[in-house]
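Structural features, examined
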Amino acid sequence: MKSKHTKFALALITHSLVILLLVAAGCGKSNKQNTQADEGLPAEAVAVRKAFESAPPSLMHPVQETLNLVKAGTINASAYTEAIPQLQRLSSNPTISAEQKQALEALVEKLKGELSSQKPR
């Protein structure tokens, strides 16, 4: 009788360890993908991505498209002029949270600042 309980306990511990290892491996992969996606983005854009991580696809898709424009804007500033109205439209969506709205507005201000510093004076 004792050996059945011992075998069960060992099996339970083994399964638990396997699950923990799989979860840890998955988390590491996600962080690596996020780090790669964040390369070349200003901190404000990274904050937007993080604020929308758990958003429904109907919001996440336009956010991701806009963040792609922001990334392109680091090479070609005209992409910033396309991104700003899209960010403003997203921030006026009544279904987003206050945190998401604040992140979007901070990114808009950052991009406006980038554009104004690039214009000849």
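Going by the structure above, here's the rest.
Structure report, in brief. (Residues numbered from 1 in each chain as written. Predicted model: local features only at pLDDT ≥ 70, side-chain atom pairs only at ≥ 80, totals over all residues. Heavy atoms only, no water.)

1. Brief notes about the side chain of Asp38
Mapped onto the secondary structure, Asp38 falls in helix α1 (residues 2-38). At a separation of 2.7 Å, a polar atom in the side chain of Asp38 contacts the side chain of Arg49. (Helix = DSSP H or I, 4+ residues; strand = E, 2+ residues; numbered from the N terminus. Polar contact = N/O pair within 3.5 Å; in protein donor to acceptor, adjacent residues only side chain to side chain.)

2. Topic: the packing of helix α4 (residues 78-91) against helix α5 (residues 98-118)
Between two packed helices, both the angle of their axes relative to each other and the distance between the axes serve to describe the pair. Their axes nearest at 9 Å, the elements α4 and α5 cross at an angle of 160°. Taken together, the axes of α4 and α5 lie roughly antiparallel to each other. Considering how the two elements wind past one another, α4 and α5 form a crossing that is left-handed. Contact residues: Tyr80, Thr81, Ala83, Ile84, Leu87, Gln88, Leu90 and Ser91 in α4; Lys101, Leu104, Glu105, Leu107, Val108, Leu111, Lys112, Glu114 and Leu115 in α5. Looking at the contact of α4 with α5 residue by residue, the classes come out as ten nonpolar, three polar and four charged. (Axes fitted to C-alpha atoms, helices over the stretch in contact; angles between N-to-C directions. Parallel < 35°, antiparallel > 145°, perpendicular 65-115°, else oblique. Left-handed = near helix turned anticlockwise from the far one by under 90°. Contact = heavy atoms within 4.5 Å. Nonpolar A, V, L, I, M, F, W, Y, C, P; charged D, E, K, R; others polar.)

3. So, the environment of Leu59
Locating Leu59 in the fold gives a position in helix α3 (residues 57-73). Once residues lying within four places of it in the same chain are set aside, the contact partners of Leu59 are Phe52, Asn93, Thr95 and Ile96.

4. Quick notes on the packing of helix α2 (residues 43-51) against α5
Running from N to C, α2 and α5 cross one another at 160°; their axes reach a closest spacing of 8 Å. Looking at the two axes, α2 sits roughly antiparallel to α5. As α2 packs across α5, the resulting crossing turns out to be left-handed. Where α2 approaches α5, its residues Glu44, Ala45, Ala47, Val48 and Ala51 are matched on the opposing element by Glu99, Gln100, Ala103, Leu104, Ala106, Leu107 and Lys110. Its residues placed into classes, the contact of α2 with α5 shows eight nonpolar, one polar and three charged.

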